[in-house]
Amino acid sequence: MQRCPHCNDLHDTNVLFCPSTGQAISVSLIEEGAVIQGKYKVVRRIASGGMGAIYEVEHAGFGKHFAMKLLLPELAQNMEVTQRFEREAKAASAIGHPNIIEITDVGETDTGIRFIVMELLSGCDLGGLLKDHKQLTRARALEIVSQILLALQAAHGAGIVHR
């Protein structure tokens, strides 16, 4: 069985697209319940994309939940991609701004999959917000754009240009 990262429903492993959302269901990089580096227990897959997948993990010592971004193993063969992945983690952790996710750890699984551990956010992304509300009020749109601009200003101030 595999879980759709969009609606969280379980589907057979041969299902490529979720019948509920129509979204692609990618192959899991790591199984639920697996423990990474003896301290991160995989709770569930949150999302997946072209470079990897993001999982909710629980820290064994603290019981605190984090998000873990795993890089596809085939991309780890590409030194440029791996260096960019690590630069992303270092850059984000150096900024220290409330509108930029906090990175807490980087590493590699026993099977050689590179990962970044970051704070786990709740809520929905902008795409989900627009899907639910179709149109935002001017005040809400300005609030969101303002937060994005503050984050970009902090990144640019640290010498980082987001692509």
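Definitions and limits used
- Residues numbered from 1 in each chain as written.
- Predicted model: local features only at pLDDT ≥ 70, side-chain atom pairs only at ≥ 80, totals over all residues.
- Heavy atoms only, no water.
- Helix = DSSP H or I, 4+ residues; strand = E, 2+ residues; numbered from the N terminus.
- Buried < 20%, exposed > 50% of the residue type's maximum accessible area, 1.4 Å probe, protein only.
- Contact = heavy atoms within 4.5 Å.
- Expected span 1.5 Å × (residues − 1).
- Polar contact = N/O pair within 3.5 Å; in protein donor to acceptor, adjacent residues only side chain to side chain.

Colleague: Explain the side chain of Thr82 to me, and be specific about the residues and the numbers.
Modeller: Mapped onto the secondary structure, Thr82 falls in helix H2 (residues 79-95). You can call Thr82 buried: its relative accessible area is 9%. In contact with Thr82, not counting residues within four places along its chain, are Leu71, Leu75, Ala76 and Arg114.

Colleague: Explain unusual backbone geometry to me, using residue names and the numbers behind them.
Modeller: The phi torsion at Gln37 lies on the positive side, around 55 degrees, for a residue other than glycine. Looking at where Gln37 falls in the secondary structure, it is placed in the loop between strand S3 (35-36) and strand S4 (40-48). With phi around 60 degrees, Lys134 is a residue other than glycine that occupies positive phi space. Here Lys134 is to be found in the loop between helix H3 (126-133) and helix H4 (138-157).

Colleague: Got a sec to walk through H2? Specific residues and values, please.
Modeller: Between its first and last C-alpha atoms H2 spans 24 Å; for 17 residues at 1.5 Å apiece the expected length is 24 Å, and the two agree. Taken as a whole, H2 has its buried residues at Val81, Thr82, Phe85, Ala89, Ala92 and Ile95. For H2, the N-terminal cap is Asn78; the gap from its side-chain oxygen to the backbone nitrogen of Glu80 is 2.9 Å. Where H2 ends, the next residue or the one after it, Gly96, has phi of about 65 degrees, a positive value.

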